[in-house]
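Below are the chains, spelled out letter by letter.
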Amino acid sequence: MSTKDSETVERERSTEASNTHEFQGTGSNESGSRRRMLRIARLVPNFLTVLRVILVPFFVVLLVNPSPSSSFWALALFIAASFTDWLDGYIARAFDAHSVFGKLLDPLADKVLVMAALVMLTSIAPEPRVPGWMVVLLLAREMVVTGLRSLAVFYRVVVPASRWAKHKTFWTMTAIPFLLIHRPVDMFGLSISFHRMGMVFIWVALFYSITTGIAYAVSLRKLFDMEQLGEGSDIPV
């Protein structure tokens, strides 16, 4: 092989080595960027949960002396907060971003938002938009279930939310925006009573609330049968 050919081969090898090094560097940079994006994405669900809690006081203030404009903004805040509830769950599942903080605060944030909305709806003058006794039953169920769930954890009993309990949450979250709108609205040539529709939805939510609460309390009899618990049990709500 001539000297010229040797120099050509060396240049080609040098070029290949340089390209390989650049490719590896690019791959490393992309991997690092991806890891950083994943770390940021995993913080988003907790941020959204905290944001939902922060929105509650603003929602309450808007309904202290409600006007058409303040009721509209209260409705917008409630819908936005409800959307963050769905969004943080979606992101947590997509990026496997579950955390102890999120598992503790997420259901608490949901309950605070719903309880604040129901209490404020009973306090609107001159006539409450929801009967007080209905709100007492709904809130009592939430408090009792939360207390029993804490007791179940002490006995190492897992209490997953059932399909029926999720129906209760869905109908409650659906009823509140209708009750916030309250006034009849002309749509498609028809006068639609949002208050009446909201009351229908809250009745459905109350039905699911009472039935799932009773089923939950009955199922927790297993807590007091220590021979059946072993290392832990699952109790459907």
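Residues numbered from 1 in each chain as written. Predicted model: local features only at pLDDT ≥ 70, side-chain atom pairs only at ≥ 80, totals over all residues. Heavy atoms only, no water.

Draft legend 1. Expanded view of the pattern of salt bridges. Following the criterion strictly, the structure yields seven salt bridges and no others. Between R52 and D85 there is a salt bridge; the shortest N-O distance is 3.6 Å. Taken together, the positions of R52 in helix 1 (residues 3-62) and D85 in helix 2 (residues 68-94) put the pair 33 residues apart, joining distant regions of the chain. We classify R52 as buried; its relative accessible area is 0%. Close ionic contact of R52 with D106 constitutes a salt bridge, the shortest N to O distance being 2.6 Å. Separated by 54 residues along the polypeptide, R52 in helix 1 and D106 in helix 3 (residues 100-122) bring together distant segments of the chain. With respect to class, R52 is no different from D106; both count as buried. (Salt bridge = Lys/Arg side-chain N within 4 Å of Asp/Glu carboxyl O. Helix = DSSP H or I, 4+ residues; strand = E, 2+ residues; numbered from the N terminus. Buried < 20%, exposed > 50% of the residue type's maximum accessible area, 1.4 Å probe, protein only.)

Draft legend 2. A look at the nonpolar core. In terms of nonpolar packing, the biggest core is built from 32 residues, with F59, F78, L118, L121, I176, L180 and I202 touching the most fellow members. Every element with two or more residues in this core is listed here: helix 1, helix 2, helix 3, helix 4 (132-154), helix 5 (163-181) and helix 6 (194-219). Here this core gets seven residues from one element, more than from any other, and that element is helix 3. Residues contacting I202, with those up to four places away along its chain left out, are L118, M134, L138 and A175. (Core = buried A, V, L, I, M, F, W, Y, C linked by side-chain atoms within 4.5 Å. Contact = heavy atoms within 4.5 Å.)

Draft legend 3. Structural view of a nonpolar patch on the surface. There is a patch of nonpolar side chains on the surface, built from W133, L137, W203, I210, I214 and V218 and spanning about 600 Å² of accessible area. Those elements that provide at least two residues to the nonpolar patch are helix 4 and helix 6. Residue contributions to the nonpolar patch peak at four residues, all from helix 6. Within the secondary structure, I214 sits in helix 6. (Patch = residues over 30% accessible without salt bridge, like charges linked within 9 Å, V, L, I, M, F, W, Y side chains within 5 Å. Areas by Shrake-Rupley, 256 points an atom, 1.4 Å probe, with all protein chains shown as cover.)

Draft legend 4. Region of interest: helix 5. If you check helix 5, its first and last C-alpha atoms are 28 Å apart, about what 19 residues at 1.5 Å a residue would give, namely 27 Å. Every buried residue of helix 5 is accounted for by A165, K168, T172, M173, T174, A175, I176, P177, F178, L179 and L180. Downstream of helix 5 by one or two residues, H182 has phi in the positive range, about 70 degrees. (Expected span 1.5 Å × (residues − 1).)

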